[in-house]
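One letter stands for each residue in the lines below.
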Amino acid sequence: MSLLKPLLQIYFFFIIICLFIFHLLPTTQGAKHSSAQNGLIHKHGPKPKLFVFGDSYADTGNIRKSLSSSWKQPYGLTFPGKPAGRFSDGRVLTDYIAKSMGIKSPTPYQWKDFAKKRLHYGMNFAYGGTGVFDTNVLLPNMTTQIDFMEKLMLGDSVYVKADLQSSLVLVTLSGNDYSRFYTTGGTAQGLQSFITQVVNQLALNLKRIETMGARRIAVTGLQPLGCLPRATAVSAFQQCNKTENTAVNFHNLLLQQAVAKLNNESNSRKPVFTILDLYTSFTTALKNQGNHPGDVTFQTPLKPCCMGTSSENFCGSLDEKGVKLYSVCENPESAFFWDTAHPTQAGWHAVYYSSLKATLEQSF
């Protein structure tokens, strides 16, 4: 009996410890499962909205049909099967982020009066061809786009501050300011100073969006402009322009510094701003050799699927009789680029799922 009592005490202690550990395991595993399943989706409360500012990498139909090639054949060939205002054969960055959030793509601002039942998904203010400053197109720059949002909040009461606080804001900037810089006489010597001006203005815009109530803001870094087909055409779509990409790297360095400063100045416990690294995600997709299961390999990654039949024409060009002055590749899913500047739906899919989706989930 002298040995039995201590043994019984040890036995009951062991049982209690095991029950305690067993009680913890479902909670821990459930949390991991919930995180993996939900991604950007809020488990509790209403689904968040998505608000979008920027350019053609995010535009889902804001430009008037008479003014844009995005409303002409063969754009929209893959999705939705007809031109729908996207600068691609199908879905663009906005669509993939919305899908991850468990919502439909937000209504383009120009169509808000015709889609009032979809305003609870948010709104897309992005206009193709625009930048932080006025560019080569007479369309609302980013400052004006934010003005539109502000009017919907303050003047029309379509949205309130709480809508922004619980939602995700996407901001894209894809290089149209730099196209404008060169077409208006800009020089290589003045480029560095202009890049600083662009990033400074972008930072002001981001800060303004935060001040309006946003607590989750994702801004795109600049993609490798030197790898766009309009830059690689001179090498028969074989080689990226290293000079352009060097300038892009400077832009992205300044953006990293600006975002770090904005986060440091923020009163939020979690970072408000995060950068979506388009440079790395583009180059990863373009160099992919199919080493991982499910990876898409683009056979001629720098060559666009849709291109003009001559240097004077472009994707969607027609002559005065309506005859096509462009050609489209047999399988858009095999091409990374759709036209001279924009990815295909397959390209955006590769870009988003290579790293951008994980970045958003880790950051927010």
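The model shown is predicted, which means the values in this text are computed figures rather than measured ones.

## Focus: the overall build of the chain
Okay, step 1: A count of helical and extended segments in the chain gives ten helices and eight strands.
Okay, step 2: Looking at the chain as a whole, 48% of its 364 residues qualify as buried.
Okay, step 3: Summarising the internal contacts of the chain: among those between residues at least 6 apart in sequence, 68% fall at separations of at least 24.
Okay, step 4: As displayed, the chain has an accessible area near 19,000 Å², and 57% of this comes from carbon and sulfur atoms.

## Points about the state of the cysteines
Each disulfide is one covalent bond, formed between the sulfur atoms of two cysteines.
Okay, step 1: One pass over the full model with this rule turns up three disulfides.
Okay, step 2: Residue Cys227 pairs covalently with Cys240 via a disulfide, S to S 2.1 Å. Its S-S torsion of about 115° marks the bond between Cys227 and Cys240 as right-handed, since a negative value means left-handed. In this pair, Cys227 sits in the loop between strand S5 (217-220) and helix H7 (229-232) while Cys240 sits in the loop between H7 and helix H8 (242-265), placing the two residues 13 residues apart along the sequence.
Okay, step 3: The class of Cys240 is partly exposed, set by a relative accessible area of 25%.
Okay, step 4: Covalently, Cys306 is tied to Cys315 through a disulfide, its sulfur atoms 2.0 Å apart. Handedness here is read from the sign of the S-S torsion; for Cys306 and Cys315, about 95°, the answer is right-handed.

## Thoughts on the layout of surface pockets
Okay, step 1: Estimates place the volume of the largest pocket at around 720 Å³.
Okay, step 2: In this structure, the largest pocket is lined by 29 residues; those nearest its centre are Phe87, Gly129, Asn176, Arg230 and His342.
Okay, step 3: Within the lining of the largest pocket, the residues separate by chemical class into 13 nonpolar, 13 polar and three charged.
Okay, step 4: Roughly 480 Å³ of internal volume is contained in the second largest pocket.
Okay, step 5: Together, 20 residues line the second largest pocket, and Tyr178, Tyr182, Leu191, Glu244 and Ala247 are the ones closest to its centre.
Okay, step 6: Those elements giving two or more residues to the lining of the second largest pocket turn out to be helix H5 (176-183), helix H6 (188-211), H7 and H8.
Okay, step 7: Of all the elements, H8 adds the most residues to the lining of the second largest pocket, at seven residues.
Okay, step 8: For the lining of the second largest pocket, the per-class residue count stands at eleven nonpolar, seven polar and two charged.

## Points about the confidence of the model for the chain
Close inspection of predicted coordinates is inappropriate for parts of the model with low pLDDT.
Okay, step 1: Looking at the chain as a whole, its pLDDT mean stands at 88, while 85% of the residues score no less than 70.
Okay, step 2: Below a pLDDT of 50 lies the segment residues 1-38, which in the model reaches three contacts outside its immediate sequence neighbourhood of four places, other chains included.

## What about the pairing of strand S4 (residues 168-171)?
Successive residues of a regular strand alternate their side chains across the two faces of the sheet.
Okay, step 1: Judged by which residues are buried, S4 turns out to be covered on both faces: Leu168 and Leu170 on one side and Val169 and Val171 on the other are all buried.
Okay, step 2: Here strand S1 (residues 50-53) pairs with S4 via four bridges, running parallel. The residue of S4 that forms the bridge with Phe51 is Val169.
Okay, step 3: Pairing of S4 with S5 involves three bridges; the strand directions are parallel. Its bridge partner being in S5, Val169 is matched across the sheet by Ile217.

## Thoughts on the sheet that holds S4
Okay, step 1: Sheet architecture is open: six strands sit in the order S2-S3-S1-S4-S5-S6, paired in parallel fashion. One side of each edge strand has no neighbouring strand; the edge strands of this open sheet are strand S2 (107-108) and strand S6 (273-276).

## Observations concerning the nonpolar core
Okay, step 1: If you look at the biggest cluster of nonpolar residues, it comprises 85 residues, and the most contacted ones within it are Phe53, Ile97 and Val171.
Okay, step 2: No other element matches H6, which puts nine residues into this core.
Okay, step 3: Counting residues in each nonpolar core, the second largest holds seven residues, with Cys305, Cys306, Cys315 and Trp338 among its members.

About the thresholds
The residue numbering used here restarts from 1 in each chain and proceeds along that chain's sequence as written. The predicted origin of the model limits local features to residues at a pLDDT of at least 70 and limits the giving and counting of side-chain atom pairs to 80 or more, whereas totals for whole chains, interfaces and linings rest on all residues. Neither water nor hydrogens contribute to the side-chain values; these are computed over all heavy atoms in the structure. Only DSSP runs of H or I reaching four residues or more are called helices, and only runs of E reaching two or more are called strands; each is numbered from the N terminus. For every residue, the accessible area (1.4 Å probe, protein chains only) is compared with the maximum for its type, and the residue is labelled buried under 20%, exposed over 50%, or partly exposed between those bounds. Residue contacts are defined here by distance: any two heavy atoms, one from each residue, within 4.5 Å place the two residues in contact. Areas reported as accessible are Shrake-Rupley estimates using a 1.4 Å probe. Residue values count occlusion only from the protein chains shown. Put simply, a disulfide is two cysteine sulfurs that come within 2.5 Å. The definitions used throughout rest on a 1 Å grid laid over the protein atoms alone, on which a cavity is an enclosed set of points accommodating a 1.4 Å probe that cannot get out and a pocket is an open set flanked by protein within 12 Å on both sides along at least five of seven lines; lining residues are those having an atom within 4 Å of a point. Grid points are joined across faces, edges and corners, and a volume is the space filled by probe spheres set on the points. By the convention adopted, Pro, Cys, Tyr, Trp, Phe, Met, Ile, Leu, Val and Ala count as nonpolar, Lys, Arg, Asp and Glu as charged, and the other residues, Gly among them, as polar. Confidence scores per residue from the predictor, reported as pLDDT, run from 0 to 100. Any two strands between which DSSP finds at least two bridges are classified as paired. By nonpolar core is meant a set of buried Ala, Val, Leu, Ile, Met, Phe, Trp, Tyr and Cys residues that side-chain atoms within 4.5 Å join together.

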